[in-house]
Structure formats: structure tokens, C-alpha cells
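Here is what each chain is made of, one letter per residue.
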Amino acid sequence: HDASAVMSDPVKDNASELKAPWEMLGEDDQKYADAMRDALLKMTVDCVYSKEQRVQMFLGGVESTHMESFEITPENERRVRGAVLHDANLSRLFAGLVPRHIKHEEVFWGRYFYHVDRIHKSLVLSGQSGGGGGAAAGNGDAAASDAVVGGANGKSSGQGGAENADAGGNAQSASRAKGVERDWDKEIDEIF
């Protein structure tokens, strides 16, 4: 399959039928949807703007033994298009990594959905439904899990991320340490 065709075929599915990963949680896990959305959006933004995060999350920090193979089936195509539809930065991250750093799109999406699953498990294990720090969901991923889940809930993780992409990073980190919500649209607009 052509990567651009998988991600950007608006006619293939009705856009309202495409669901984000956090919208596909089971009934018992719906209480984690907001925290999962925040963690995944933060992960994507951090990976777009921080080489350290890209390497840790997609290029070198993830052991292949932790991931299942990801095959581009019709169902997985819908999962990919749903994720891209609901996360504007995900296609940008994909374009920056595939094929230059990751040769096959299946590897990228396998790693992305591995992180989706890891974040979901972390939220369930820690009992987070709207705030608090993150718990590790897998061996070797404690720092990544804490950075993504903790950071998505407004806590400074001390790791590289979108806050380091501009001169206002120190003020943004200080405001998060005080528990102030992040304004993603404003932060992204300031970068451009």
C-alpha cells in the first residue's frame, strides 16, 4: 500500500466513522479517553519538535520485542486514517520519518500503535482518568511513559519536547509546574 493513500483517502471512509485511538476504548475504559488523548497528542507534538523524543519513541528507544507486527489490513487502514484525522501533527511526524529514517510504513504504524497501547495500559495501571503522574507499562519504557502520560496532564517531565522548541520554553515549563493547562494551539502558533 502507498502510505499517502492509506492516510489521505477521504472518499474511502466517511470521516465521521473514523475514530481516534482514544475513541476506540471499551466501555470500561472510557474514563481514560481524555488523558489518553492528551498523552497521544503530546507525544506526537514532542516527537515532531524534539529529535531526542523522535529517537526515543520511534527510532532507537523502542525495542522491537515490545511490538507486535503491524500489517496494513483494511481495519488497520481505518485505524491509521482515524488517528491521522484526529491528530494534525501525526501526518507531519510520519512524513518526517518515513521513508528517510524508517523504511516501511508498517514499522512506523506498529511503533505508533505500540505507544497507543502502552499509554492505555499505563493509564489503567495508574488509575488515571484525568490527572496525575504516569506509571510504566513496559520494561525499558518507564521514562517514556512518564514523560508522555505525566506531561500530558500538565506536569513537567524534564525531558525534551515541544516546550524546548522556542524561546518561551522556560516560561511554559514553569506554568506547567504550577498546574496551569497548556494551550496547544497557541504554543504551536508561536513556533511557526
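Residues numbered from 1 in each chain as written. Predicted model: local features only at pLDDT ≥ 70, side-chain atom pairs only at ≥ 80, totals over all residues. Heavy atoms only, no water.

## Description of the overall build of the chain
Let me state the cut-off plainly: Under the DSSP-based scheme used, a helix requires at least four consecutive residues in state H or I and a strand at least two consecutive residues in state E, with every element numbered from the N terminus. Three exposure classes are used, based on accessible area relative to the maximum for each residue type with a 1.4 Å probe and protein chains only: buried under 20%, partly exposed in between, and exposed over 50%. Using a 1.4 Å probe, the Shrake-Rupley method yields the accessible areas, and only the shown protein chains count as cover for residues.
Each helix and strand counted, the chain has 9 helices and 0 strands in total. Expressed as a percentage of the 192 residues in the chain, the buried residues total 45%. Total accessible area on the chain stands at roughly 9600 Å², and carbon and sulfur atoms take up 48% of it.

## Examining the environment of Phe113
The line we're drawing: A contact between two residues is defined here by any heavy atoms of the two lying within 4.5 Å.
Assignment of secondary structure puts Phe113 in helix 6 (residues 105-126). Here the alpha-carbon distance between Phe113 and Arg79, two residues 34 residues apart in the chain, equals 9.2 Å. With sequence-adjacent residues up to four places away left out, Phe113 is seen in contact with Pro21, Phe70, Arg79, Val80 and Ala83.

## Considering helix 4 (residues 74-86)
The following threshold applies: Expected span of a helix, by definition, is 1.5 Å for each gap between consecutive residues, and there is one gap fewer than residues.
With 13 residues, helix 4 ought to run about 18 Å at 1.5 Å a step, and its terminal C-alpha atoms sit 19 Å apart, in line with that. Within the sequence span of helix 4, burial applies to Asn76, Glu77, Val80, Arg81, Gly82, Ala83 and Val84.

## Some thoughts on the packing of helix 3 (residues 51-59) against helix 6
Note the cut-off: Lines fitted to C-alpha atoms define the axes here, with helix axes fitted over just the stretch in contact, and angles between the N-to-C directions of these axes take values from 0 to 180 degrees. In what follows, roughly perpendicular refers to angles from 65 to 115 degrees, roughly parallel to angles under 35, roughly antiparallel to angles over 145, and oblique to any angle outside these ranges. The residue classification treats Ala, Val, Leu, Ile, Met, Phe, Trp, Tyr, Cys and Pro as nonpolar and Asp, Glu, Lys and Arg as charged. All others, Gly included, are polar.
As a packed pair, helix 3 and helix 6 sit with axes 10 Å apart at the nearest point and diverge in direction by 90°. Between helix 3 and helix 6, the angle is such that the two are roughly perpendicular. On helix 6, the residues that touch Met57, Phe58 and Leu59 of helix 3 are Phe108, Arg111, Tyr112, His115 and Arg118. Looking at the contact of helix 3 with helix 6 residue by residue, the class counts come to 5 nonpolar, 1 polar and 2 charged.

## Observations concerning the pattern of salt bridges
Our working definition: Salt bridges are identified by distance alone: a Lys or Arg side-chain nitrogen within 4 Å of an Asp or Glu carboxyl oxygen.
Summed over the entire model, instances satisfying the criterion amount to 5 salt bridges. Between Asp117 and Lys121 there is a salt bridge, with its nearest N and O atoms 3.1 Å apart. Pair noted here: Asp117 and Lys121 are both in helix 6, with a separation of 4 residues, about one helical turn. Accessibility expressed as a relative area gives 36% for Asp117, which makes it partly exposed. Through salt bridges that share partners, Asp34, Arg37 and Asp38 make up one connected network.

## Some thoughts on the packing of aromatic side chains
The criterion, for reference: Whether two aromatic rings pair depends on their centres lying within 6.5 Å, for rings of Phe, Tyr and Trp, where Trp uses its six-membered ring; planes under 30 degrees apart make the pair stacked, over 60 edge-to-face, and the rest tilted. Lysine NZ or arginine CZ positioned within 6 Å of the ring centre and within 35 degrees of the ring normal marks a charge as sitting over the ring.
With the rule as written, the count across this model stands at 8 aromatic pairs. One aromatic cluster is present, formed by Phe58, Phe70, Phe94, Phe108, Trp109, Tyr112 and Phe113 through successive ring pairs. Over the aromatic face of Phe113 sits the side chain of Arg79, whose NZ or CZ is 4.1 Å from the ring centroid.

## Some remarks on the nonpolar core
Here is the rule we go by: Buried Ala, Val, Leu, Ile, Met, Phe, Trp, Tyr and Cys residues that are joined via side-chain atoms within 4.5 Å together make up what is termed a nonpolar core.
In this structure, Phe58, Phe108, Trp109 and Tyr112 are the most contacted members of the largest nonpolar core, which totals 34 residues. Among the secondary structure elements, those contributing two or more residues to this core are helix 2 (33-49), helix 3, helix 4, helix 5 (90-97) and helix 6. If one sorts the elements of this core by residue count, helix 2 sits on top with 10 residues.

## Looking at helix 6
Its 22 residues place the ends of helix 6 31 Å apart at the C-alpha level, agreeing with the 32 Å of an ideal helix rising 1.5 Å per residue. Two residues or fewer past helix 6, Gly127 is found with a positive phi of approximately 75°.

## Re the confidence of the model for the chain
So the rule is basically this: The score called pLDDT rates the predictor's confidence residue by residue, from a low of 0 to a high of 100.
In this model, the chain carries an average pLDDT of 71, and 55% of its residues clear a pLDDT of 70 or more. For the chain, the element scoring lowest by mean pLDDT is helix 8 (residues 169-177), at 42; helix 2 scores highest, at 95. Of the regions scoring below 50 in pLDDT, residues 131-147 engages in 44 contacts with residues more than four places distant in sequence or in other chains.

## Observations regarding unusual backbone geometry
For the bond from Val98 to Pro99, the omega torsion is 0°, close enough to zero to count as cis. Structurally, Pro99 is set in the loop between helix 5 and helix 6.

## As for the packing of helix 5 against helix 6
Here is the rule: By convention the crossing between two helices is left-handed if the near helix lies anticlockwise of the far one by an angle smaller than a right angle, and right-handed if it lies clockwise.
At a closest axis distance of 11 Å, the pairing of helix 5 and helix 6 adopts a crossing angle of 135°. As the angle between them shows, helix 5 and helix 6 are arranged oblique. The interaxial crossing formed by helix 5 with helix 6 has right-handed handedness. Together, Leu90, Leu93, Phe94 and Leu97 of helix 5 and Glu105, Phe108, Trp109 and Tyr112 of helix 6 make up the contact between the two elements. Here the contact of helix 5 with helix 6 is built from residues that sort into 7 nonpolar, no polar and 1 charged.

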